[in-house]
Amino acid sequence: NAGVMQNPRHLVRRRGQEARLRCSPMKGHSHVYWYRQLPEEGLKFMVYLQKENIIDESGMPKERFSAEFPKEGPSILRIQQVVRGDSAAYFCASSPPLGQGGGYTFGSGTRLTVV
Amino acid sequence: GENVEQHPSTLSVQEGDSAVIKCTYSDSASNYFPWYKQELGKRPQLIIDIRSNVGEKKDQRIAVTLNKTAKHFSLHITETQPEDSAVYFCAARVVPGGGADGLTFGKGTHLIIQP
């Protein structure tokens, strides 16, 4: 089991460009969560998805950020027109279907740097 | 929504001594409380968790206690070792959530083990 796979590990974007972060959940996990971590800070919930369905996006900024988890392929977190304040580590986590345990497994994260 | 407070933000202990990190939560419906350890530049990793139907759980040098009435839970690390140095995050959630929730994390405790 390869665990939760995130890519790229590091991403550098110029202000105004788009950033696309990918996450493949663990085998057998059907729930994906995205968290943002600023330097020296905790993990902030952004969005919770199941296949083809956004369950909770209460932590997503209203503009420029979007997420999807298509029927086939990885979950994508997209940030349009990036700004310096978007620089952070973005972690994806996955969990089994509800009722099969509450624990998350995190990926290694994507460190986004906006220059 | 849920709010998790974590204290202290930094904790320095002598090697071999015990360390205690405390968290409080606001949503009385929360019933699952994991603890994550994050080493510098790495992913958060689940180290222990507890559900609301038990008051204490132990795994070698690590233990977690839960007081549902007071809505607080604590992580106890005994006989601390240098490799215990990391940032520790507590979290809370309702399982099964049925949607519209993710883990809510505390802001983290930077544990420093002094040789």
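Residues numbered from 1 in each chain as written. Chains lettered and ligands numbered in written order. Predicted model: local features only at pLDDT ≥ 70, side-chain atom pairs only at ≥ 80, totals over all residues. Heavy atoms only, no water.

Considering the overall build of chain A
Helices and strands together make up the secondary structure of chain A, namely 0 helices and 11 strands. When the helices and strands of chain A are listed from N to C terminus, the series reads β-β-β-β-β-β-β-β-β-β-β. Taking 13 Å as the expected radius of gyration for a compact globule of 115 residues, we find that chain A reaches 13 Å, a close match to that expectation. Within chain A, buried positions represent 47% of all 115 residues. Sequence separation of at least 24 residues holds for 52% of the intrachain contacts in chain A that already meet a minimum separation of 6. With the model as given, the accessible surface of chain A reaches about 5,700 Å², and the carbon-plus-sulfur share is 46%. Each charge sign in chain A was given a centre, from 16 positive and 10 negative side chains, and these centres are 7 Å apart. (Helix = DSSP H or I, 4+ residues; strand = E, 2+ residues; numbered from the N terminus. Rg over C-alpha atoms; globule rule 2.2 N^0.38 Å. Buried < 20%, exposed > 50% of the residue type's maximum accessible area, 1.4 Å probe, protein only. Contact = heavy atoms within 4.5 Å. Areas by Shrake-Rupley, 256 points an atom, 1.4 Å probe, with all protein chains shown as cover. Lys, Arg positive; Asp, Glu negative; His and termini not counted. Charge placed at Lys NZ, Arg CZ, Asp CG, Glu CD.)

A word on the overall build of chain B
The helix and strand inventory of chain B stands at 0 helices and 11 strands. Shown N-terminal to C-terminal, the secondary structure of chain B runs as helices and strands in the order β-β-β-β-β-β-β-β-β-β-β. Dimensions of chain B, computed from C-alpha atoms along their principal axes, come out at roughly 45 × 30 × 20 Å. Taking all 115 residues of chain B together, 43% fall into the buried category. Across chain B, the fraction of contacts at a sequence separation of at least 24, relative to all contacts at a separation of at least 6, is 55%. When the accessible surface of chain B is totalled, it reaches about 5,700 Å², and 48% of it is carbon and sulfur. Of the side chains in chain B, 12 bear a positive and 13 a negative charge, and the two mean positions are spaced by 5 Å.

A short note on the packing of aromatic side chains
Per the stated rule, a full pass over the model turns up 16 aromatic pairs over all chains. Their ring planes at 90° and their centres at 6.3 Å tell us that phenylalanine 89 of chain B and phenylalanine 105 of chain B sit as a pair that is edge-to-face. One end of the pair, phenylalanine 89 of chain B, is in strand S9 (residues 86-92); the other, phenylalanine 105 of chain B, is in strand S10 (residues 104-105), with 16 residues separating them in the sequence. Put simply, the rings of Tyr33, Tyr35, Phe45, Tyr48, Phe91, Tyr104 and Phe106 of chain A together with Tyr36, Phe89 and Phe105 of chain B pair up and form one aromatic cluster. (Phe/Tyr/Trp six-rings, centres within 6.5 Å; stacked < 30°, edge-to-face > 60°.)

Topic: the environment of threonine 109 of chain B
All names here are of chain B. Summarising the element assignment, threonine 109 is placed in strand S11 (residues 109-114). The exposure class assigned to threonine 109 is buried, which follows from its relative accessible area of 0%. Taking C-alpha positions, threonine 109 is 21 Å from glutamine 60, a pair spaced 49 residues apart along the chain. Within polar-contact distance, the side chain of threonine 109 engages the backbone oxygen of proline 8 at 2.5 Å. (Polar contact = N/O pair within 3.5 Å; in protein donor to acceptor, adjacent residues only side chain to side chain.)

Concerning the pairing of S11 of chain B
Residues and elements named next belong to chain B. What you see with S11 is a clean split: Thr109, Leu111 and Ile113 sit on the buried side and His110, Ile112 and Gln114 on the side with no burial. Looking at chain direction, strand S2 (residues 10-14) and S11 are connected through 5 bridges and run parallel. Across the sheet, the residue bridging to serine 12 is isoleucine 112, located in S11. Sheet analysis places S9 next to S11, joined by 3 bridges and oriented antiparallel. Within S11, the residue paired with alanine 86 across the bridge is leucine 111. (Pairing = 2+ DSSP bridges.)

Some details on the sheet that holds strand S7 (residues 65-68) of chain A
Residues and elements named next belong to chain A. Strand order in the open sheet made by the 4 strands is S1-S3-S8-S7, with antiparallel pairing throughout. One side of each edge strand has no neighbouring strand; the edge strands of this open sheet are strand S1 (5-7) and S7. Within this sheet the neighbouring strands show an average axis-to-axis angle of 15°, counted without direction. Bridging between S1 and strand S3 (residues 19-24) involves 3 bridges; their strand directions are antiparallel. What sits directly across from asparagine 7, in S3, is arginine 22. (Axes fitted to C-alpha atoms, helices over the stretch in contact; angles between N-to-C directions.)

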